[in-house]
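# What the coordinates show
Each chain, written out:
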Amino acid sequence: VGRFEESAAAFQRSLEASPTARGFTNLGTLQYLLGRYTDAADAFERAIQLDGASYLRWGNLGDAYRWVPGKKQRSLDAYAQAIRLARENLDANPSKRMYARL
């Protein structure tokens, strides 16, 4: 309903009570959508501290850093980590592979 500031505050309160990777990911996504890329990167970093095995979280961090001045290399590093983890995930779960249609 467009109440983004209230949503961000609710996420913050929730994370103070129970910090979770999912919660920080949600907060980071909200901050990213609001164009607050530094805040988004901070939230995604916290999510990774709690669960660094998710290629999606590393991709999110790369996306946020992409828009923060002076963070190009960090963005590329985060994307590289996301790719490495995604490949490991596919190797461990070959039935999840998706093939392009011809």
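### Here's the deal with the overall build of the protein chain
Across its full length, the protein chain holds five helices and zero strands. For the protein chain, the α and β elements follow one another from N to C terminus as α-α-α-α-α. If one aligns the C-alpha atoms of the protein chain with their principal axes, the spans along those axes are about 45 × 30 × 30 Å. Buried residues in the protein chain amount to 28% of all 102 residues. Long-range contacts, defined here as pairs at least 24 residues apart, represent 38% of the contacts in the protein chain between residues at least 6 apart. Total accessible area on the protein chain is roughly 7,200 Å²; 53% of this is exposed by carbon and sulfur atoms. Mean positive and mean negative side-chain charge positions of the protein chain (15 and 11 charges, respectively) differ by 6 Å.

### Examining the packing of aromatic side chains
The relative placement of two aromatic rings is captured by the distance of their centres and the angle of their planes. Counted according to the given criterion, the structure contains two aromatic pairs. Ring geometry for Tyr32 versus Tyr37: centroids 5.2 Å apart, planes at 70 degrees, classification edge-to-face. For Tyr32, a relative accessible area of 25% gives the class partly exposed. Exposure remark for Tyr37: the relative accessible area of 25% places this residue in the partly exposed category. The structure contains a cluster of three or more aromatic residues connected by ring pairs, namely Tyr32, Tyr37 and Trp67.

### Some words on the pattern of salt bridges
Taken as a whole and judged by the stated rule, the model has five salt bridges. Glu6 is the salt-bridge partner of Arg3, the closest N and O atoms lying 2.9 Å from each other. In this structure Arg3 comes out as partly exposed when scored by relative accessible area, which is 48%. For Glu6, a relative accessible area of 47% corresponds to the partly exposed category. One salt bridge in this structure joins Arg74 and Glu45, with 3.9 Å as the shortest N-O distance.

### Points about helix α4 (residues 55-66)
Along an α-helix, a turn takes 3.6 residues, which lines up residues three or four apart on a common side. In a regular helix each residue adds 1.5 Å, so 12 residues correspond to 16 Å; α4 covers 16 Å between its end C-alpha atoms and thus fits that length. Every buried residue of α4 is listed here: Arg57, Trp58, Gly59, Leu61, Gly62, Ala64 and Tyr65. Those residues of α4 that are buried are in contact with α2 (21-33), α3 (37-50) and α5 (72-92).

Definitions and cut-offs
- Residues numbered from 1 in each chain as written.
- Predicted model: local features only at pLDDT ≥ 70, side-chain atom pairs only at ≥ 80, totals over all residues.
- Heavy atoms only, no water.
- Helix = DSSP H or I, 4+ residues; strand = E, 2+ residues; numbered from the N terminus.
- Buried < 20%, exposed > 50% of the residue type's maximum accessible area, 1.4 Å probe, protein only.
- Contact = heavy atoms within 4.5 Å.
- Areas by Shrake-Rupley, 256 points an atom, 1.4 Å probe, with all protein chains shown as cover.
- Lys, Arg positive; Asp, Glu negative; His and termini not counted.
- Charge placed at Lys NZ, Arg CZ, Asp CG, Glu CD.
- Phe/Tyr/Trp six-rings, centres within 6.5 Å; stacked < 30°, edge-to-face > 60°.
- Salt bridge = Lys/Arg side-chain N within 4 Å of Asp/Glu carboxyl O.
- Expected span 1.5 Å × (residues − 1).

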